[in-house]
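Listed here are the chains, written in short residue letters.
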Amino acid sequence: MACVRVCPADAVAVEGAIVRIVDEACTRCGLCLPACPHDAIEALGDVSRALELALAGRAALILSVECAAYFYPAAPNQVVNACYAAGFRTVHRGVLGDELVAREYLDLWADGDWGTMIRSTCPVIVETVRTQYPELIPYLAPVATPIAAEARYLKQLHGVGTPVVYAGVCITEGGPDVDAAITFEELADLFQRRGIVVSEQAEYFTRVPEERRRHLSMAGGLPLEVLLEETQASRRFRKVRGLSGLGAIARAVAVDRLDLGFVDILPCEGCLDHPLLGPRDELFRRRQIVGATEPARSRAPVVEEAVARGVKVAESFPISQNGQRPQTEAVEAVLKEIGLAPNGKAWDCGACGYATCRAFANAAALGRTTLRSCPPYLDKQARAAQLQAAVDGLTGLATYRVLRDRLASEVARSDRTGDPFAVLFVDLDNFKKVNDEFGHEAGNEVLRGAARECGAHIRTTDLAARYGGDEFVLVLVRTRVDGALGVADKVRATVEGMGRSLGYAEGLVTVSVGVAEFVPGRGPETEDVLVAADRALYRAKASGRNQVATGER
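Residue numbers restart at each chain and count upward from 1, following the sequence in its written direction. Thresholds applied to this predicted model are a pLDDT of at least 70 for local features of residues and 80 or more for the giving and counting of side-chain atom pairs; totals over whole chains, interfaces and linings are not thresholded and use all residues. Hydrogens and water are ignored here; the side-chain numbers use all heavy atoms of the structure.

## What about the environment of leucine 474?
Item 1. Secondary structure elements follow DSSP: runs of H or I of four or more residues count as helices, runs of E of two or more count as strands, with numbering from the N terminus. For leucine 474, the position within the fold is in strand S12 (residues 471–477).
Item 2. For leucine 474, a relative accessible area of 0% corresponds to the buried category.
Item 3. Sequence separation of leucine 474 and glycine 455 is 19 residues, and the distance between their C-alpha atoms is 8.5 Å. For every residue, the accessible area obtained with a 1.4 Å probe (protein chains only) is divided by the maximum for its type, and the residue is called buried under 20%, exposed over 50%, and partly exposed between those limits.

## A word on helix H5 (residues 76–86)
Item 1. Most of H5 sits inside the fold, with ten of its eleven residues counted as buried.
Item 2. Turning to H5, its buried residues are Pro76, Asn77, Gln78, Val79, Val80, Asn81, Ala82, Cys83, Tyr84 and Ala86.
Item 3. The inward-facing, buried residues of H5 abut helix H3 (47–56), strand S3 (60–63), helix H4 (67–70), strand S4 (90–92), helix H9 (184–193) and helix H12 (283–293).
Item 4. Glycine 87 sits one or two residues past H5 and shows a positive phi near 120°. Two residues form a contact once any of their heavy atoms are found within 4.5 Å.

## Describing the sheet that holds strand S6 (residues 164–168)
Item 1. Here a strand pair is declared whenever DSSP counts at least two bridges between the two strands. Read from one edge of the open sheet, four strands run S4-S3-S6-S7, paired in parallel fashion. Sheet topology places S4 and strand S7 (180–183) at the edges, where each strand pairs with a single neighbour. Ignoring which end each strand starts from, the neighbouring axes of this sheet average 20° apart.
Item 2. The sheet contact formed by S3 and S6 spans four bridges and is parallel. Along S6, the bridge assignment pairs alanine 60 with valine 164.
Item 3. H9 contacts S3, S6 and S7 of the sheet and is inclined by roughly 95° relative to S7. To define axes, lines are fitted to C-alpha atoms, for helices over the stretch in contact only, and angles between the resulting N-to-C directions are given on a 0 to 180 degree scale.

## Here we look at the environment of alanine 442
Item 1. Looking at the element boundaries, alanine 442 is found in helix H19 (residues 440–456).
Item 2. Note on alanine 442: relative accessible area 13%, which makes it buried.
Item 3. When the C-alpha positions of alanine 442 and threonine 90 are compared, they lie 90 Å apart, and in sequence the two are 352 residues distant.

See the structure below:
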């Protein structure tokens, strides 16, 4: 369950042999894609809508700069030309959104009275905070994502009705400001549908390119000035990578009441490290390719101030009740079913894909997994089934299946050691009469009492089993016929006394007992020792019942 193990949002639901993504819980971090050993998970954008908008010829495309690494060895110029050939009205590289966001961050940075501010330009971080750490929402920087800011800028520049398509590695970018978001793979599919071959496009821009230079920003909208002013060891600036850091941040801010300064947190090492772009060991190769395509920095602002004044870059993140937490009673019920480890603590073995049993129980209570994915629970069920097959439910004695296996073992051991063993066949004399006159529940009570007396007179090394109906078999190890007769008479006498104590008439609740001995080298064999004890039982009944008799040797 690698996909379950890596998902920070517990958004992978396992239902038998079917694994699905819980859409409302998924934060689109993409960690499950490379983790799945079956390549069964796909990232899907709205490629049909993007194709429709491209065919209409009015859409603006925001083409993420990471396209240089994805479409390599094709040049970025060729990719842009292919986008125009596909029908997009204009193609932008996300730089303007980065610039707008960077300027907003610079204003916040200059204020300096914020205590703790968490970078909010990554939609995965924002969505994870909203769903799992709502206590951090007040600390999110009130800034839109760069793609959302650029989409608003383009609508202000070209008209409110201008549709915007985003092509990149993170299809959650832009949110409602983007009309369609697609992956690079889907963009390549769009080219194929339009009959466009990227490598056959001109290696120079066939149209005057949109702005590609940066003035304030780094990729992702972080101001270059902030990075130059503060070192990574600064108390005012902290760099955190990985969603696991949010838990520590939440504790530091909400519990310990610490001011952390500006927290630059991303789920990975930037978009070039996103799982959709390939394995991590190619990260530096991708950085080299994209870095080689970056133009020189601009010495003057690159956004049109007149247009930017009409763009709202600030963002709000409403605090809503987290509806993804299960009922406590349901979680505790799952934990009770799992049980505790031999050390008295939770198993927390991780075999189900969850780090702890409580995390698994939370997911199970939400319907995202079942107890069939929990090995300790399955082992517990197997032991219970094995015990159920080995113990008679009414009397608590061993079943016929256990008796059969035990007799075979005793024969083998006797042949090996030379020690004999004895078998007692016990049968209630008037059981049908008890059932007919007093009812089946009374009969069950007599069965339980007789079984209790059979077990009371044997050692822990011996075996008492219910043969079937009102018949019982006792296996006495290393016991000769004389010793077995003594045990048989005790069982007979105590069962008779048990009948009297239950209020039955004299002689109604009694047993007859047949005794047989197995002697190594002389037999009888496994089945014959039971047959011999059974023959002895019939002789005991023929002698007037409530008797003990031996079989032929």
